[in-house]
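Coordinates in review
One letter stands for each residue in the lines below.
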Amino acid sequence: MTRTKRIENAYEAARQRYAELGVDADSAMETLSKTAISLHCWQGDDVGGFEKSEEGLSGGGIMATGAYPGKARTADELRADLEKALSLIPGSHRLNLHAMYAEAKEKVDRNELEPEHFAAWIDWARANGLGMDFNGTFFSHPKAQSGFTLSSADEGIRRFWVEHGIVCRKIGAAMGRELGTPCVTNMWIPDGSKDIPVDRKGPRQRLRKSLDEMFAEKMDRNCLLDAVESKLFGIGSECYVVGSHEFYLGYAIENKTLLCLDTGHFHPTEVVSDKISSVLTFLDEILLHVSRGVRWDSDHVVILSDELKELAAEIVRGGYLERVHIGLDFFDASINRVAAWVIGTRCMIKALLIAMLEPTQNLRRAEDAGDCTARLAMLEENKTLPFGAVWDYYCARQDVPVAENWLRDVRQYETEVTSLRTYAGK
Ligand code: RNT
Ligand code: ZN
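Since this is a predicted model, take the numbers as computed values, not measurements.

Looking at where Cys41 falls in the secondary structure, it is placed in the loop between β1 (37–40) and α3 (75–86). Separated by 330 residues in sequence, Cys41 and Asp371 have C-alpha atoms that sit 46 Å apart. Non-local contacts of Cys41, meaning those with residues more than four positions away in its chain, are made with Leu78, Leu95, Asn96, Leu97, His98, Tyr101 and Trp341.

Structure, rendered in C-alpha cells:
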C-alpha cells in the first residue's frame with residue numbers, strides 16, 4: 001500500500017470513530033485551516049534585530065541561550081528562514097514582527113521609526129499571504145539600561161519611550177491597512193527592579209500616564225488592535241515588575257485594549273488556560289504569547305504538553321476563536337532555529353486540532369447531569385482517540401510534510417543555507 005493510501009485509510013477509520021462520538025472531523029479540519037497562528041520573527045535570530053548599532057539583547061529581562069550555528073544575519077535571511085518554516089507548517093498564518101527588525105538605510109532611533117522602514121516586511125507578508133502583528137521594542141537600547149522605560153522617573157527617557165509607542169501604533173495601523181487585517185500591536189516593557197523597591201506606586205502611576213499618552217489617539221480597529229503584556233518577574237527584575245498582571249488587567253478593562261497573556265509570565269503552578277474564560281468575561285479580545293517556561297520564563301520551544309492542550313481546549317470550548325489572537329513567543333538558540341519554529345507551531349496547531357475533535361457535547365451532557373464519573377471516564381478515553389490520523393491527513397491535504405518528514409527539509413536547508421553563514425569575529 002502506498003503511503004498516501006495508508007494516510008487516507010487511517011483518516012477514514014478515524015473519521016468514522018469521531019462520527020460515532022458526534023464529531024465531524026472534516027469540519028474540524030476546515031475550522032483549523034482558518035485559524036491563524038502568529039509566528040514570532042524573533043526565534044530566527046535570538047531576539048537580535050537588525051538595527052545599525054552595537055546593542056545586543058540587553059537591558060531586557062529576557063535571554064536567549066545556546067550557540068547553535070546558522071542564525072539569520074539580515075532581514076532577507078530571516079525572511080528566507082521563515083519561508084522555509086512556513087512551508088512545513090499546515091494552514092495560513094501571520095507574521096509577528098518586533099520594531100527592532102526595522103530596515104532603515106541609516107540609523108533611525110526608535111522614536112522616529114515610520115511605516116516605510118517596514119515596507120519590505122509588509123511586501124513580503126503580502127506576497128506570502130500573511131497578516132502581520134507588531135510589537136514595540138522597549139529593550140536592547142541605551143535608554144532601557146536603567147531598567148525603566150515607560151515608567152521612568154527621568155522625563156526625557158519616559159517621553160522617548162512614549163514616542164516609541166506612538167510611532168509603533170502608527171506602524172501597526174499601516175500594516176493592518178495595507179494587508180487588510182487588523183494588526184495586533186503589543187507593548188511589553190521590561191520595567192522593574194532586581195531588589196526590593198521602596199516605591200512600588202510611583203512607577204505604576206507613571207506607566208499609566210505613559211500608556212494614556214501612547215493610546216490617546218484613537219485608531220481604526222479594523223487596522224490596529226492595541227495589546228498590553230503583563231509579567232511576573234524577569235532577569236534583573238526579580239523583586240518588582242511595574243507592569244504586573246493586576247496592573248494590565250485593570251488597564252485593559254478600563255481602556256478597552258487587548259490583554260496579552262504570556263504562558264511563561266506566571267507562577268509555575270499557575271495556568272493561563274484557566275484565565276481565559278475569566279478575562280474574556282470582561283474583555284472583548286485577548287492576545288496569547290504561547291511559550292514554555294521551564295522553572296522560569298525560559299521561553300523554551302512549545303511542545304504538546306497537557307497545558308497546551310488545555311489552553312486550546314478552553315479557546316475552542318468557549319467559542320473564543322474569534323476573540324483570542326494566538327501568537328507564539330519562544331526563542332531557543334540551542335537547536336536549529338527553523339526546526340524550533342516548525343516544532344512549536346505544529347504543536348500549537350495539533351493542540352487546536354485535538355480541541356476541535358473533542359466530543360464536547362457528550363462531556364457537557366455528563367457534566368450538566370452531575371455525572372462526574374462519566375465526565376472523567378470520557379475525558380480519559382478521549383486521550384487515545386485517533387487524532388494523529390486526522391493530523392497526518394490534514395498535513396497531506398495542506399501540502400506540507402507528514403509527521404517527521406519535515407525534518408529532512410530542514411536538514412537540507414541547513415546544509416545548503418544556514419550552516420554556510422559566518423559571523424564577524426567568530
Ligand atoms: C518578555 C515578553 C516579550 C518578549 C518578546 C520578544 O518577557 O514575553 O513578549 O518575549 O517581545
Ligand atoms: Zn511574551
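Still to come is the rest of the account.
Each protein donor to the zinc ion (ligand 2) is listed here as Glu229 (OE), Asp262 (OD), His289 (ND1) and Asp329 (OD); together their distances run 2.1 to 2.2 Å. Each of the six donor atoms bound to the zinc ion (ligand 2) contributes to angles spanning 71 to 168°, and the resulting shape is octahedral. Mapping the donors of the zinc ion (ligand 2) onto the primary sequence gives the spacing E-x32-D-x26-H-x39-D. Residue Glu229 is located in strand β6 (residues 224–229), and its partner Asp329 is located in the loop between β12 (324–328) and α10 (337–356); the two are separated by 100 residues in the primary sequence. A relative accessible area of 3% places Glu229 in the buried class. On the basis of relative accessibility, which here comes to 8%, the residue Asp329 falls in the buried class.

What follows concerns the site of ligand 1. Lining the immediate environment of ligand 1, one finds Trp42, Ile62, His98, Trp188, Glu229, Lys231, Asp262, His265, His289, Asp297, Asp329 and Phe331. A distance of 2.9 Å is found between an oxygen atom of ligand 1 and a side-chain nitrogen or oxygen belonging to His265. Interatomic distance of 3.1 Å between a side-chain N/O atom of His289 and an oxygen atom of ligand 1. Computed on the free molecule, ligand 1 has an accessible area of 310 Å², of which 99% lies beneath the protein chains in the complex. When grouped by side-chain class, the residues that make up the shell around ligand 1 number four nonpolar, three polar and five charged.

Before going further, it helps to examine the pattern of salt bridges. Within this structure, the stated rule accounts for 31 salt bridges. The closest approach of N and O atoms between Glu178 and Arg126, which form a salt bridge, is 2.6 Å. One end of the pair, Glu178, is in helix α5 (residues 155–179); the other, Arg126, is in helix α4 (residues 119–127), and 52 residues separate them in sequence. Its relative accessible area of 47% is what places Glu178 among the partly exposed residues. Of the residues examined, Arg126 reaches a relative accessible area of 41% and is grouped as partly exposed. If you follow the salt bridges from partner to partner, you end up with Glu155, Arg158, Arg159, Glu163, Lys209 and Glu213 in one network.

Glancing now at α5. Given a rise of 1.5 Å per residue, 25 residues ought to cover 36 Å, and the 36 Å separating the end C-alpha atoms of α5 matches this to within 8%. Directly after α5, the chain includes Gly180, whose backbone phi takes a positive value near 70°.

This part takes up the nonpolar core. Core analysis: the largest hydrophobic core is formed by 117 residues, its most contacted members being Leu97, Trp121, Leu211 and Ile286. In terms of residues, this core owes the most to one element, α10, which gives 13 residues. Not counting the four nearest positions on each side in its chain, Ile286 is found in contact with Leu258, Leu259, Leu261, Ile276, Val279, Leu280, Arg323, Val324 and His325. Ranked by size, the runner-up nonpolar core spans six residues in total, among them Val184, Leu225, Leu258 and Leu287.

In this section: unusual backbone geometry. Trans peptide bonds make up the majority, and among non-glycine residues the majority have a negative phi. The residue Val47 is not glycine, and still its phi comes out positive at about 55°. Its place among the elements puts Val47 in the loop between β1 and α3. In this model, Ala403 sits at a positive phi of 50°, which is unusual for a non-glycine residue. Structurally, Ala403 is set in the loop between α13 (387–397) and α14 (406–416). Residue Ala403 is classed as partly exposed on the basis of its relative accessible area of 26%.

All chains considered together, the criterion is met by ten aromatic pairs. Aromatic side chains Phe160 and Trp161 sit 4.9 Å apart centroid to centroid with 90° between the ring planes, which places their arrangement in the edge-to-face category. Both residues of the pair, Phe160 and Trp161, count as buried. Taken together through their ring pairs, the aromatic side chains of Phe138, Phe160 and Trp161 make up a single cluster. The side chain of Arg73 reaches across the aromatic face of Tyr423, ending 5.9 Å from its centre.

As a further point, take empty space enclosed by the protein. Gaps between atoms show up when a probe of the same size as a water molecule is rolled over them. As enumerated under the stated definition, the model contains three cavities of 30 Å³ or more in all. What lines the largest cavity is a set of 18 residues, and nearest its centre among them are Ile62, His98, Trp188, Glu229 and Asp329. A breakdown of the residues in the lining of the largest cavity according to their chemical character gives six nonpolar, six polar and six charged. Approximately 50 Å³ is the volume found for the second largest cavity. Around the second largest cavity, the lining residues are Tyr68, Pro69, Gly70, Asp81, Asn336, Arg337, Val338 and Thr418. Per-class residue counts for the lining of the second largest cavity are three nonpolar, three polar and two charged.

Cut-offs and rules
- Residues numbered from 1 in each chain as written.
- Chains lettered and ligands numbered in written order.
- Predicted model: local features only at pLDDT ≥ 70, side-chain atom pairs only at ≥ 80, totals over all residues.
- Heavy atoms only, no water.
- Helix = DSSP H or I, 4+ residues; strand = E, 2+ residues; numbered from the N terminus.
- Contact = heavy atoms within 4.5 Å.
- Donors = N, O, S within 2.8 Å, 3.2 Å for Na, K, Ca; no water.
- Tetrahedral: all angles 85-135°; square planar, octahedral: opposite > 155°, others 65-115°.
- Buried < 20%, exposed > 50% of the residue type's maximum accessible area, 1.4 Å probe, protein only.
- Near = heavy atom within 4 Å.
- Polar contact = N/O pair within 3.5 Å; in protein donor to acceptor, adjacent residues only side chain to side chain.
- Areas by Shrake-Rupley, 256 points an atom, 1.4 Å probe, with all protein chains shown as cover.
- Nonpolar A, V, L, I, M, F, W, Y, C, P; charged D, E, K, R; others polar.
- Salt bridge = Lys/Arg side-chain N within 4 Å of Asp/Glu carboxyl O.
- Expected span 1.5 Å × (residues − 1).
- Core = buried A, V, L, I, M, F, W, Y, C linked by side-chain atoms within 4.5 Å.
- Phe/Tyr/Trp six-rings, centres within 6.5 Å; stacked < 30°, edge-to-face > 60°.
- Lys NZ or Arg CZ within 6 Å of the ring centre and 35° of its normal.
- 1 Å grid on protein atoms, 1.4 Å probe; cavity = no way out; pocket = protein on both sides within 12 Å on 5 of 7 lines; lining within 4 Å.
- Points joined across faces, edges and corners; volume = space filled by probe spheres on them.

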